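# Summary of structural features
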Amino acid sequence: MDRLQSLEVFIAVAEAESFAGGARKSGLSAPSATRGVNALEARLGARLFTRTTRKVRLTEVGQTYLEDARHILAQMQAADDAAKGAATNPVGQLRITCSNEFGRIYVAPILTEFLDTHPSVTADVLMVDRIVNMVEEGFDLAVRIGELPSSGLAAVRVGQVRRIVFGTPGYFEANGRPKTPADLQAHQIVSAAPVSPTTEWRFGHDMQETVRIKPRLTVSSVATAISVAKRSWGLCRVLSYQVGPDLQNGTLETVLEEFEPAPLPIHLVHVEGRRAPAKIRAFIDLAKDRLKATSVLN
């Protein structure tokens with residue numbers, strides 16, 4: 001096993017947290033993967049993994065080496081892609097990260113359209129409600145909702161979302177509409193923890209008005225919270241894109257619009273800047289057109 005393949009096997013085992021899983025991903029047998037990692041550790045004179053009967057975990061040295069190994073392979077992939085014309089033709093794997101609901105509603109349809117147009121591209125999408133370190137985890141592009149911190153990453157703004165309080169017409173007919181944020185204390189609330197992780201909801205353009213709510217129900221799934229609220233069970237607070245179609249067709253209605261915080265921008269973020277491979281540039285062009293044409297995101 002050459003040094004490049006050893007690095008590929010090491011990364012696969014680290015990501016799978018097992019030799020068997022890493023071997024499957026690398027197209028090798030488990031003994032071959034084990035021998036490859038053992039040889040790599042012997043050459044380095046350092047232990048990269050701690051091993052148990054159930055899984056393997058990276059040592060502190062292994063964690064640092066994993067970042068370096070990913071960087072080396074990314075550079076080699078970039079060199080290969082350039083030689084194959086990737087600078088002008090979309091080819092290779094496109095790795096994207098985004099939040100669960102935004103990925104389900106918007107990214108997946110755009111991505112399948114993109115893949116249909118570019119048959120030489122494959123895609124790997126991580127949908128997770130956390131900020132992923134794109135460089136360390138090897139992603140080409142991220143969809144970020146919210147103000148961006150200062151960084152060396154390139155960003156293209158494609159829209160914005162609002163933080164809204166909503167309910168059904170049936171709920172409002174039976175319980176009335178809150179006129180001010182303080183009125184929420186008299187209403188039944190279902191809280192979507194990923195959007196509203198605390199019981200203090202902030203209102204106003206500068207978010208200076210605070211209301212302490214007492215949810216009757218708190219759930220860890222935004223989709224579940226929306227589903228409960230759609231049964232006229234209570235009021236809920238989410239990001240506007242998460243219920244866009246329901247707001248457009250009148251199934252749901254917003255309240256307290258004049259008290260909403262400033263909208264949150266949506267950006268497509270990538271590492272490469274103007275030198276980005278064609279696969280990234282082409283996806284950004286398509287996604288920008290599709291997202292800017294979506295009324296609930298503007």
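Once a new chain begins, its residue numbering starts again from 1 and follows that chain's sequence as written. Owing to the predicted nature of the model, reporting of local features is limited to residues with pLDDT of at least 70; listing and counting of side-chain atom pairs is limited to 80 or more, with chain, interface and lining totals taken over all residues. The side-chain values count all of the structure's non-hydrogen atoms but skip hydrogen atoms and water molecules.

### Points about the packing of helix H1 (residues 3–16) against helix H2 (residues 19–26)
Inclusion rule: Every axis in this analysis is a line fitted to C-alpha atoms, fitted for helices over the stretch in contact. Angles between the N-to-C directions lie between 0 and 180 degrees. Numbering of helices and strands runs from the N terminus; a helix is a DSSP stretch of H or I covering at least four residues, while a strand is a stretch of E covering at least two. In what follows, roughly perpendicular refers to angles from 65 to 115 degrees, roughly parallel to angles under 35, roughly antiparallel to angles over 145, and oblique to any angle outside these ranges. Here a crossing is taken to be left-handed if its near helix is turned anticlockwise relative to the far helix by less than a right angle, and right-handed if that turn runs clockwise. Any two residues having at least one pair of non-hydrogen atoms within 4.5 Å are treated as being in contact. Each residue gets one of three labels, nonpolar for Ala, Val, Leu, Ile, Met, Phe, Trp, Tyr, Cys and Pro, charged for Asp, Glu, Lys and Arg, and polar for the others, Gly among them.
Between H1 and H2, whose axes approach to 7 Å, the crossing angle comes to 130 degrees. Regarding the angle of H1 to H2, the classification is oblique. Considering the relative orientation of H1 and H2, their crossing is right-handed. The segment H1 lies against H2, with Glu8, Val9, Ala12, Val13, Glu15 and Ala16 engaging Phe19, Gly21, Gly22, Lys25 and Ser26. Across the contact of H1 with H2, the residue classes break down as 5 nonpolar, 3 polar and 3 charged.

### Here's the deal with the pairing of strand S14 (residues 264–270)
Here is the rule we go by: Burial classes follow relative accessibility: with a 1.4 Å probe on protein chains only, a residue under 20% of its type's maximum area counts as buried, one over 50% as exposed, and anything between as partly exposed. We treat two strands as partners when DSSP finds at least two bridges between them.
Within S14, 7 of the 7 residues are buried, which leaves the element mostly enclosed by the surrounding structure. Neither face of S14 is left uncovered, since the one carrying Leu264, Ile266, Leu268 and His270 and the one carrying Pro265, His267 and Val269 both have all their residues buried. Here 5 bridges tie strand S5 (residues 141–145) to S14, and the two strands are oriented antiparallel to one another. Paired with alanine 142 across the strands is valine 269, a residue of S14. In this structure, strand S6 (residues 154–161) lies alongside S14, joined through 7 bridges in antiparallel fashion. Residue pairing for S14: glycine 159 is matched across the bridge by isoleucine 266.

### Regarding the layout of surface pockets
Heads up, the rule is: Of the two site types, the cavity is a set of points on a 1 Å grid over the protein atoms alone where a 1.4 Å probe fits but cannot get out, and the pocket is an open set with protein on both sides within 12 Å along at least five of seven lines, each lined by residues with an atom within 4 Å of a point. Grid points are joined across faces, edges and corners, and a volume is the space filled by probe spheres set on the points.
Volume-wise, the largest pocket comes out at about 1,600 Å³. Together, 44 residues line the largest pocket, and Arg70, Leu73, Ala74, Gln75 and Gln77 are the ones closest to its centre. Where the lining of the largest pocket is concerned, the elements lending two or more residues are H1, H2, helix H4 (60–83), strand S3 (92–98), helix H6 (134–137) and helix H10 (278–292). At 12 residues, the largest contribution of residues to the lining of the largest pocket is made by H4. Among the residues forming the lining of the largest pocket, the class breakdown is 19 nonpolar, 8 polar and 17 charged. In this structure, the second largest pocket spans a volume of roughly 780 Å³. Around the second largest pocket, the lining comprises 36 residues; the ones closest to its centre are Ser99, Arg130, Ile131, Arg144 and Ile145. Among the elements of the structure, S3, helix H5 (100–117), S5, S6, helix H8 (222–230) and S14 are those that each provide at least two residues to the lining of the second largest pocket. Among the elements that take part in the lining of the second largest pocket, S5 stands out by supplying 4 residues, more than any other.

### Thoughts on the packing of H5 against H10
Here H5 crosses H10 at 125 degrees, and the two axes come no closer than 10 Å. Viewed along their axes, H5 and H10 adopt a mutual orientation that is oblique. As for the relative orientation of H5 and H10, their crossing is right-handed in sense. Contact residues: H5 offers Phe102, Tyr106, Ile110, Leu111, Glu113 and Phe114, while H10 offers Lys279, Ala282, Phe283, Leu286, Ala287, Arg290 and Leu291. Residue composition of the contact of H5 with H10, by class: 10 nonpolar, no polar and 3 charged.

### Comments concerning the pairing of strand S10 (residues 209–212)
Both strand S9 (residues 200–203) and S10 contribute to a ladder of 4 bridges, which runs antiparallel. Residue tryptophan 201 lies in a different strand from S10, and its bridge partner there is valine 211. Linking two consecutive strands that pair antiparallel, namely S9 and S10, is a turn of 5 residues; a positive phi of about 90 degrees is found at glycine 204 within it.

### Looking at unusual backbone geometry
Although it is not a glycine, glutamate 17 sits at a positive phi angle of roughly 55 degrees. Inspection of the secondary structure assignment puts glutamate 17 in the loop between H1 and H2. For leucine 256, which is not glycine, the phi torsion reads 60 degrees and is therefore positive. As for its placement among the helices and strands, leucine 256 is situated in the loop between strand S13 (253–255) and S14.

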